[in-house]
Amino acid sequence: MQWPERVYRAALRCYPSEFRDEYGGEMLQAFRDQWRDTRGPRLCVALMADVAATAPKEYGRVLMNDLRYALRMMRTSPLFSAAVVMTVALAIAANTAIFSVVNAVLLRPLPFGAPDRLMWVAERNDALHIPTFGASLLNYLSWKEQTQNVALAALGSVTFSLSGSGDPEQFAGSRITPSLMPVLGLQPLSGRTFRDDEERPGAPAVAMISEGLWKRRFGRDPAVVGRTVNLNGVPTTVIGIAPPALAVLTGGDVWVPITIDPAHEIRLNHVVNVVGLRKQGVSIEQAQSEMDAVSARVGRQYPEVNDWGIRLVTFRHWFVNDQLETALLVLLCAVVFVLLIACANIANLLLARATAREREIAIRTAMGATRGRLLRQLLAESLVLSLLGGAAGLACALWAVRLLDRLLPANLLPVPDIGVDARVLSFGVFATVATGLLFGVAPAWQAARTDINAMLKQSGRSAIGARSRLRNGLAATELALATVLLVGAGLLVQSLMNLERARLGFAPQNVLTFQLALPPAKYSRDVKGPAFYRQLLESLRALPGVRGAAISSGIPFGAGNYTTSPFAAVGPSVLPPDTAVPINWRIVSPGFFRTLEIPLVRGRDFTEADNARDVPVIVSQAAARRFWGADDPIGRVIRRPNDTQMMTVIGVVGDVRDTALNQESPAIYYPSAARVWPLMDVVVRSEAGPEALLPGIRQKVRELDPELALATVRPMEEWVSGSAAQPRLNAALLMVFALLALVIAAIGTYGVLAYSVTQRTREIGLRMALGAPAGRVIRLIVGEGMLVGAGGIVAGLAAALAITRTIGGLLFAVPAHDPLTFGGVAAVLAIVALAACFVPARRASRVNPIVALHDD
């Protein structure tokens, strides 16, 4: 009988303690009685099975009782409950919203067939300090012939003008090789993709269009596949609707095959990006080793590219640069800090409430409640508060994510949308439950350890002791975390202010910009194209209110062509002979510098008489210093490596920040009278209000060619503002989180002292009865509070010194350990802590000694 009874007793342990205490004895006696029966063994097995089946139901009943009790406790203290729920909601909403961005950019798989095996196959030049660069079509063909473990495809950007079906419209697009779709693992939504024979010269013109263009321009008409449209003046057959993932990689709305004619290509003309797909089982190190061998063979075969190598970059790193990844992780850490501060603050509130409930807990313990039972009940109350706050926070996060999707500047993130998926929702639920446990464990543990005898003898009063130390530690932790956030926010705000005060080198005010794409079949780059733009600029300058007009292949901070190529000085130079350096270059018209108010430092501007035969160029001051130091560059000659064409410097202009606010790049300018790109930017400076010129500009373009469409119409100030979009967003979000943390930390400090004053009413009354003036009482309370505050601030400054170095790449013209920022944050926090301490201290100084002693 001993072993069956032991088994049955073990089975009874599946029940809650309350059930065992009430019914355990009766069940055990029934088991003994049944065992004596001849059918005892079979009945006992049935009883054990019944125990195992009934235990979960009993646990569910107990859990429901705990939840009902927690809801009743919320109703008895609605203000306390509302404060906790709102605090949790704010913290969960912020964390979930930022995590949704991190998930979309860093965690969500890219929408391709095998994203982990996809790579950007970039060219590199260690001698020119170019870590990654585009590739030439001839190198791409050589690589494709020789590689065994990497499937290759190429793509290059292009602009299209669509006409003949409604108003003329300009679209961004790409030229791609037929191998791109198979390499990416994509299939068209409708129709087919390109065939290999369609990239050969003379092949029929075909195109794929995006789903968005299909919907917007053609009303999702399925008959559009097979229809002929006019692209860049060439009748082109639409053969398919491209999947959205193709636009994630290339951007734009139209895709055509790359036409490769090796006889007319230049091996040093880096005009495409190359995508590679590693074979299954081939590591990136093995693929890099193979591509290095291929590059070496190509270099030996073609000496002009001997100093160009290959670098493989994963798709994730191609899409997400280090600065964006750092910014997202910093913001995620910031919202986690806010969550921790919120947990510390709520834990302090629960500790205060637990102290007020000490007598209740002591009585329940005296009546037989175990410590585990009390812990479960108190944690259930915390989880109910957290779940309600988490539900509200998730609802706010859904709204915040939609708002972020609308407000984020275009192309700021390398993904088409943020969205909320199962991973984001799971994160929100996990954060909610973890928050409830995090802020509930310490108060519940402290409450469950109540000394029954001491509590009942004190008639409801509790000592300060360990709980005061815990509350003070939590308040100091809040201030430390808030200090770290405020230091980081202060550094980013200073950096943003420095960026926006940076000298641009040109005047963006009252300048309107737009783009025109001349169809290559209709306008040749060296004759008809320059002639068209001469006519256009003459007509624009004649408009009332126009102070100047010009064209460029790339305006500062714009979306045009920014081309970097190596150049070397011919003749005396501060560099070793034949040393080439990478420099940005672009094509501009006469009057471009005057229109943008870029100063002409030396020499002359371009004229319409400048042509391709003379090849005059204008250099920026930075480019001139790079080649000739302080010497006069006028009349000096430069050239490209392996190119016999010489370019003579005729002028020097001021440096311009044209690709980033935090850097000035050396630049070389070519005359548009010699050659233009198919896509050019037009800049028009007006007396005031450039948008008012737009109708007249459209009319002038329509008079010259009714099939041309204006695109990317935008004031220059908008381009400049957009260049600071990411730093501005980083600084704004971090400042919001830091201020939220500061408010929560200040409330926490105030709550700790206010509760301390309440607990010490008798002590304070006794001091005042013995003659202590109000000022001394205030100094006593403030001194204790500031001791906590100073400890938190000092710990936060020490942590900030260690952490802020990680955001050094996000800063401009401000050191990561800027003493002004650290000192300012410490001063602000000290003032906030002092204010939070003064209010309860002033209330303590007004305690009536007679009332305080009588209440005891």
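The residue numbering used here restarts from 1 in each chain and proceeds along that chain's sequence as written. Given that this is a predicted model, residues contribute local features only at a pLDDT of at least 70 and side-chain atom pairs are listed and counted only at 80 or more, while totals for whole chains, interfaces and linings are drawn from all residues. Derived side-chain values reflect all non-hydrogen atoms in the structure, with water molecules and hydrogen atoms excluded from consideration.

Novice: What is the right way to look at the overall build of the protein in this model?
Specialist: When helices and strands are tallied, the protein shows 26 helices and 23 strands. We call two residues in contact whenever any of their non-hydrogen atoms come within 4.5 Å of each other. A fraction of 80% describes how many contacts in the protein between residues 6 or more apart in sequence connect residues 24 or more apart. Using a 1.4 Å probe, accessible areas were evaluated by the Shrake-Rupley method; residue-level cover was limited to the displayed protein chains. A total accessible area of about 38,600 Å² is found for the protein, and carbon and sulfur atoms account for 59% of it. Secondary structure is summarised from DSSP: a helix means a run of H or I of at least four residues, a strand means a run of E of at least two, and numbering begins at the N terminus for each.

Novice: Looking at this structure, I do not really get the pattern of salt bridges. What am I missing?
Specialist: Any two side chains of opposite charge can pair, so long as their charged atoms come close to each other. A side-chain nitrogen of Lys or Arg and a carboxyl oxygen of Asp or Glu constitute a salt bridge if their distance falls within 4 Å. Considering all chains together, one arrives at 19 salt bridges under this definition. Arg220 serves as the salt-bridge partner of Glu211, at 3.6 Å between the closest nitrogen and oxygen. Three exposure classes are used, based on accessible area relative to the maximum for each residue type with a 1.4 Å probe and protein chains only: buried under 20%, partly exposed in between, and exposed over 50%. A residue is classified by how much of its surface remains accessible, and Arg220, at 38% relative accessible area, is partly exposed. Several salt bridges converge on common partners, so that one network encompasses Arg192, Arg195, Asp197 and Glu198.

Novice: Can you help me understand the layout of surface pockets in this one?
Specialist: Empty pockets left among the atoms are what a rolling probe the size of a water molecule brings to light. The method works on a 1 Å grid over the protein atoms by themselves. A cavity is a set of points holding a 1.4 Å probe that cannot get out, a pocket is an open set with protein on both sides within 12 Å along at least five of seven lines, and residues with an atom within 4 Å of a point line them. Grid points are joined across faces, edges and corners, and a volume is the space filled by probe spheres set on the points. Roughly 520 Å³ of volume is contained in the second largest pocket. Lining the second largest pocket are 22 residues; nearest its centre among them are Ala400, Leu403, Leu404, Leu733 and Phe737. Listing elements by their share of the lining of the second largest pocket, those giving two or more residues are helix H4 (78–107), helix H13 (371–407) and helix H22 (725–759). A total of 8 residues in the lining of the second largest pocket trace back to one element, the largest contributor, which is H22. For the lining of the second largest pocket, a count of residues per class yields 21 nonpolar, no polar and 1 charged. Charged means Asp, Glu, Lys or Arg here, nonpolar means Ala, Val, Leu, Ile, Met, Phe, Trp, Tyr, Cys or Pro, and polar covers whatever is left, Gly included.

Novice: Please explain the side chain of Asn345 as it appears in this structure.
Specialist: Turning to its location among the elements, Asn345 is positioned in helix H11 (residues 322–356). The exposure class assigned to Asn345 is buried, which follows from its relative accessible area of 7%. The contacts of Asn345, once residues within four sequence positions are left out, are Glu478, Ile744, Ile747 and Gly748.

Novice: Is there a simple way to explain the packing of helix H24 (residues 774–803) against helix H25 (residues 819–845) in this structure?
Specialist: In a pair of packed helices, the angle between the axes and the distance between the axes together describe the arrangement. At a minimum axis distance of 8 Å, the contact between H24 and H25 shows a crossing angle of 155°. Judged on the interaxial angle alone, H25 and H24 are roughly antiparallel. In terms of crossing hand, the pair formed by H24 and H25 is right-handed. From H24, Ala774, Val777, Ile778, Ile781, Val782, Gly785, Met786, Ile793, Leu797, Ala800 and Leu801 reach across to H25, where they touch Phe822, Ala826, Leu829, Ala830, Ala833, Leu834, Cys837, Phe838, Ala841, Arg842, Ala844 and Ser845. Of the residues assigned to the contact of H24 with H25, the class counts are 20 nonpolar, 2 polar and 1 charged. In this description, a line fitted to the C-alpha atoms serves as the axis of each element, helices being fitted only across the stretch in contact, and the angle between N-to-C directions of two axes falls anywhere from 0 to 180 degrees. Each angle receives one of four descriptions, namely roughly parallel if under 35 degrees, roughly antiparallel if over 145, roughly perpendicular if within 65 to 115, and oblique otherwise. Here a crossing is called left-handed whenever its near helix is offset anticlockwise from the far helix by less than a right angle, and right-handed whenever the offset is clockwise.

Novice: I'm lost on the packing of aromatic side chains in this one. Help?
Specialist: Classification of ring pairs rests on two measures: the distance between centres of Phe, Tyr or Trp rings, Trp counted by its six-membered ring, which must be within 6.5 Å, and the angle between planes, read as stacked under 30 degrees, edge-to-face over 60 and tilted in between. Across all of its chains, the model carries 16 aromatic pairs by this definition. The interplanar angle of 75° and the centroid separation of 5.6 Å between the aromatic rings of Phe592 and Phe593 together place this pair among those described as edge-to-face. Overall, the relative accessible area of 3% leaves Phe593 in the buried class. Taken together, the aromatic side chains of Phe112, Trp120, Phe315, Trp318 and Phe319 make up a single cluster linked through ring pairs. Criterion for a charge above a ring: Lys NZ or Arg CZ within 6 Å of the ring centre, and within 35 degrees of the ring normal. Here Arg267 stacks its cationic end above the ring of Tyr302, 3.6 Å away from the centre of that ring. The lysine or arginine in question, Arg714, covers the ring of Trp719, its NZ or CZ lying 4.1 Å from the ring centre.

Novice: Looking at this structure, I do not really get helix H20 (residues 694–704). What am I missing?
Specialist: Because each turn of an α-helix spans 3.6 residues, side chains separated by three or four positions in sequence point in the same direction. Taken residue by residue, H20 has Leu694, Ile697 and Val701 as its buried positions. Relative to the axis of H20, the buried residues are bounded by an arc of 60° and lie together on one face. Facing away from the buried side of H20 by over 90 degrees, the exposed positions are Pro695 and Glu703. Residues of H20 that are buried sit in contact with strand E13 (511–517), helix H17 (528–541), strand E22 (679–686) and strand E23 (711–715). Starting at the helix axis, one direction is taken to each C-beta atom, and the arc is that of these directions.

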